[in-house]
Amino acid sequence: MSLDTSTNVAPHGKHMHSETLAPSPAPLVSVIIPAYNVEAYVEAAVQSVLDQTLRDIEVIVVDDGSRDATGEILDRMAERDSRLTALHVENGGAPAARNLAIERARGRYMVFVDADDECVPTMLETLAGIMERDHCELAVCGFEIVTTTGYGNGEDSGDNTFVEVKSVPSATYRTAEEFHRASPELFDNNMFYPPWNKMFLSSRLNELNIRYRDVFWDDFPFVLDYIRDVQSVSMVSEPLYRFFRRRADSETARYRDGVFEKRETENDWMRELYAHWGMQNNADADEMVSRRYIERLVGCVANECSPKNPKSFGQKRAAVAHMLASPAVRPALAAARPRSAKMRLMLIPYRMRSATLCLASGMFIEWVRGAAPTLFAKLKAHR
């Protein structure tokens, strides 16, 4: 089923229309996918959901004003499978697209998928089974990070592909206290940053009015809002989701302005969450949050070294000096315990508070990222 939801002419020249549908039983799971200019990947992503072993699903894909063939691909797929609804809206960003789909979703459970990733065929059946069995509020699975060069899907890329598995042992935390105690290790293994390796309880999303915020990297605060007062969480060790990190030349050199300020805000969110949980003095939580902050500080310095950054060397150095002067840096460096010798070595310029040496380190990182993306992914995975 394909619907236009804007009052203007939607992409591909289709005008708004309405359809009268006979009432149908609510599906067990609603899968929500925002899509914007992803014609090379969207069919594989959506098909990986439609091919799930769990058939009792609805799939809502929001074509967010795509200017390529994304919309046409979705319309063709919707004609073949009645479980798929393609909504066409003017471009408003992924948060708005996801929120629109949340309002329309009818499933008992909700899952969010990115339009350039893929799900293992048993993902939905496994997570729904856990939700039903444990009566929990959230089910979380492991996932793969597939780093490829160019625009392939990684299947036949040989040395140009690196697959990193993120997973924790299967477990059920039946109380908030159990979950809070385990959370530093779960965060350390990247289980709670993205929304796409999770199954959410729809009633909880709606009762608490949890929605995606209109901010950069909107998915992280969405997850934080959901787990803030969650009472029961189940973890599934199997990697059931494939997150593709495709490194084309233009993407490896991309520069983002204002990244450090956004990372500072994320650090504040993490600190506030642990304060809310009464764990602001917990040594394990403080070390994890501190190390996370420092690792992302290194990434922010590397971002300043991007070839696409128009600043002069002096301006870049001043930007790095500004980062090092943040009140959060010194206590985070004191609390962080890097897990590898190379990371301890990399932090020496930061402990010296030398903007010039930090900048030189960042230039080396960017050179490796651009020259050998899969090697960079391997080094990052074992930092």
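Just so we're clear, the structure is a prediction, and the values are computed from it rather than from any experiment. Here the residue index of a chain counts from 1 through its sequence in written order. Local features in a predicted model are, by the rule used here, given only for residues with pLDDT of at least 70; side-chain atom pairs are given and counted only at 80 or more, and totals for whole chains, interfaces and linings are based on all residues. Calculation of side-chain values draws on the structure's entire complement of heavy atoms; hydrogens and water are dropped beforehand.

Novice: I'm lost on the overall build of the protein chain in this one. Help?
Specialist: Note on conventions: DSSP H or I runs of at least 4 residues are helices, E runs of at least 2 residues are strands, and numbering of each starts at the N terminus. Helix and strand content of the protein chain: 16 helices and 11 strands. Residue burial in the protein chain is summarised as follows: out of 383 residues, 55% are buried. Throughout, a residue-residue contact means that at least one pair of heavy atoms, one from each residue, lies within 4.5 Å. Contacts spanning at least 24 positions in sequence make up 79% of the contacts within the protein chain whose residues lie at least 6 apart. Using the Shrake-Rupley algorithm and a 1.4 Å probe, accessible areas are obtained, with residue cover drawn only from the displayed protein chains. Accessible surface for the protein chain amounts to roughly 17200 Å². Of this, 52% is attributable to carbon and sulfur atoms. Relative accessible area decides the class of each residue, using a 1.4 Å probe on protein chains only: under 20% of the type maximum gives buried, over 50% gives exposed, and in between gives partly exposed.

Novice: How should the environment of Pro194 be read in this particular structure?
Specialist: Among the structural elements, Pro194 can be located in the loop between helix 5 (176-188) and strand 10 (198-201). In this structure Pro194 comes out as buried when scored by relative accessible area, which is 8%. For the pair formed by Pro194 and Trp217, sequence separation is 23 residues and the distance between their alpha carbons is 9.5 Å. Look past the residues within four positions of Pro194 in its chain and what remains in contact with it is Asp219 and Val223.

Novice: How do you make sense of helix 11 (residues 313-324) when you look at a structure like this?
Specialist: Residues separated by three or four positions in an α-helix point in the same direction, a consequence of the helix having 3.6 residues per turn. A helix is expected to span 1.5 Å multiplied by its residue count minus one. The end-to-end C-alpha distance of helix 11 is 17 Å, a good match for the 16 Å that 12 residues give at a rise of 1.5 Å each. Turning to helix 11, its buried residues are Lys316, Ala319, Val320, Met323 and Leu324. With its buried residues spanning 140 degrees around the axis, helix 11 presents them on a single face. Within this analysis, the arc is defined by the directions that extend from the helix axis to the C-beta atoms.

Novice: What is the right way to read the nonpolar core from this model?
Specialist: Inside soluble globular proteins, nonpolar side chains tend to come together where they are buried. What we call a nonpolar core is a set of buried Ala, Val, Leu, Ile, Met, Phe, Trp, Tyr and Cys residues that are connected through their side-chain atoms within 4.5 Å. Within the largest apolar cluster, 87 residues are counted, with the highest numbers of intra-cluster contacts made by Val29, Phe187, Phe192, Met199 and Ile227. Discounting chain neighbours no more than four positions away, the residues touching Val29 are Leu54, Asp56, Ile57, Glu58, Gly107, Tyr109, Val111, Leu124, Ala128 and Met199. Residues Leu297, Ala332, Leu359 and Ile365 belong to the second largest nonpolar core, which totals 24 residues.

Novice: Just to check I follow, could you spell out the packing of helix 5 against helix 10 (residues 283-304) for this structure?
Specialist: Packed helix pairs are characterised by how far apart their axes lie and by the angle those axes make with each other. Following both chains from N to C, one finds helix 5 and helix 10 inclined at 20 degrees, their axes separated by 9 Å at the closest point. When the axis of helix 5 is compared with that of helix 10, the two are roughly parallel. Every pair of crossing elements has a handedness; the one defined by helix 5 and helix 10 is left-handed. On helix 10, the residues that touch Pro184, Phe187 and Asp188 of helix 5 are Asp284, Ala285, Met288 and Arg291. Between the N-to-C directions of two axes lies an angle of 0 to 180 degrees, each axis being a line fitted to C-alpha atoms and, for a helix, fitted only over the stretch in contact. Orientation categories follow fixed angle ranges, with anything under 35 degrees roughly parallel, anything over 145 roughly antiparallel, 65 to 115 roughly perpendicular, and all other angles oblique. Crossing handedness follows the turn of the near helix against the far one: under a right angle anticlockwise gives a left-handed crossing, and clockwise gives a right-handed one.

Novice: Would you mind going over the packing of helix 9 (residues 259-276) against helix 10 with me for this structure?
Specialist: Contact geometry for helix 9 and helix 10: axes closest at 10 Å, N-to-C directions at 175 degrees. On the basis of their axis angle, the class for helix 9 and helix 10 is roughly antiparallel. Contacts between helix 9 and helix 10 involve Val259, Phe260, Arg263, Glu264, Glu266, Asn267, Met270, Arg271 and Tyr274 on the former and, on the latter, Ala285, Asp286, Met288, Val289, Ser290, Arg292, Tyr293, Arg296, Leu297, Cys300 and Asn303. Throughout, the ten residues Ala, Val, Leu, Ile, Met, Phe, Trp, Tyr, Cys and Pro are labelled nonpolar, Asp, Glu, Lys and Arg are labelled charged, and all others, Gly among them, are labelled polar. By residue class, the composition of the contact of helix 9 with helix 10 is 10 nonpolar, three polar and seven charged.

Novice: Would you take a moment to explain the packing of aromatic side chains for this structure?
Specialist: To describe a pair of aromatic rings, one takes the distance between the centres and the angle between the planes. Pairs were defined over the aromatic rings of Phe, Tyr and Trp, the Trp ring being its six-membered one, requiring ring centres within 6.5 Å. Orientation was assigned from the angle between planes: stacked under 30 degrees, edge-to-face over 60, tilted for the rest. All told, the structure shown has 17 aromatic pairs when counted by the stated rule. For the ring pair Phe200 and Tyr226, a centre distance of 4.9 Å and an interplane angle of 85 degrees mean the geometry is edge-to-face. With Phe200 in strand 10 and Tyr226 in helix 7 (residues 219-227), this pair connects stretches of sequence that are 26 residues apart. Both residues of the pair, Phe200 and Tyr226, belong to the buried class. A connected cluster of aromatic rings, assembled from ring pairs, spans Phe179, Phe187, Phe192, Tyr193, Phe220, Trp269, Tyr274 and Trp277. Two thresholds decide whether a charge sits over a ring: the Lys NZ or Arg CZ must be within 6 Å of the ring centre and within 35 degrees of the ring normal. The ring of Tyr193 has Arg296 lying over it, and the distance from NZ or CZ to the ring centre is 5.4 Å.

Novice: Whenever I open this one, a nonpolar patch on the surface confuses me. Can you help?
Specialist: On the surface, Leu345, Ile348, Met352 and Leu357 cluster together into a nonpolar patch covering about 390 Å² of accessible area. Mapped onto the fold, Leu345 is located in helix 13 (residues 341-346). The patches reported here contain residues having more than 30% relative accessible area and no salt bridge. Joining distances are 9 Å for like charges and 5 Å for nonpolar side chains (Val, Leu, Ile, Met, Phe, Trp, Tyr). Salt bridges are defined by distance alone: a side-chain nitrogen of Lys or Arg within 4 Å of a carboxyl oxygen of Asp or Glu.

Novice: Whenever I open this one, the side chain of Asp218 confuses me. Can you help?
Specialist: Mapped onto the secondary structure, Asp218 falls in the loop between helix 6 (202-207) and helix 7. With relative accessibility at 9%, the residue Asp218 sits in the buried group. Those residues within four positions of Asp218 in sequence are excluded, and the remaining contacts are Pro95, Arg98, Tyr212 and Arg213.

Novice: How do you make sense of the pairing of strand 10 when you look at a structure like this?
Specialist: Side-chain positions along a regular strand alternate between the two faces of the sheet. The alternating pattern of strand 10 places Lys198 and Phe200 and Met199 and Leu201 on opposite faces, both of which are buried. For strand 5 (residues 109-112) and strand 10, the ladder comprises two bridges, and the chain directions are antiparallel. For Met110, the partnering residue across the bridge sits in strand 10 and is Phe200. Whether two strands pair comes down to DSSP finding at least two bridges between them. Pairing of strand 7 (residues 138-149) with strand 10, which is carried by three bridges, proceeds in the antiparallel orientation. The residue of strand 10 that forms the bridge with Val140 is Lys198.

Novice: Mind showing me how you'd approach the pairing of strand 5 here?
Specialist: Where burial is concerned, the two faces of strand 5 agree: the one with Tyr109 and Val111 and the one with Met110 and Phe112 are both buried. Of the pairings in the sheet, the one linking strand 2 (residues 29-35) to strand 5 comprises four bridges and is parallel in character. When the sheet's bridge partners are listed, Val31 is paired in strand 5 with Val111.

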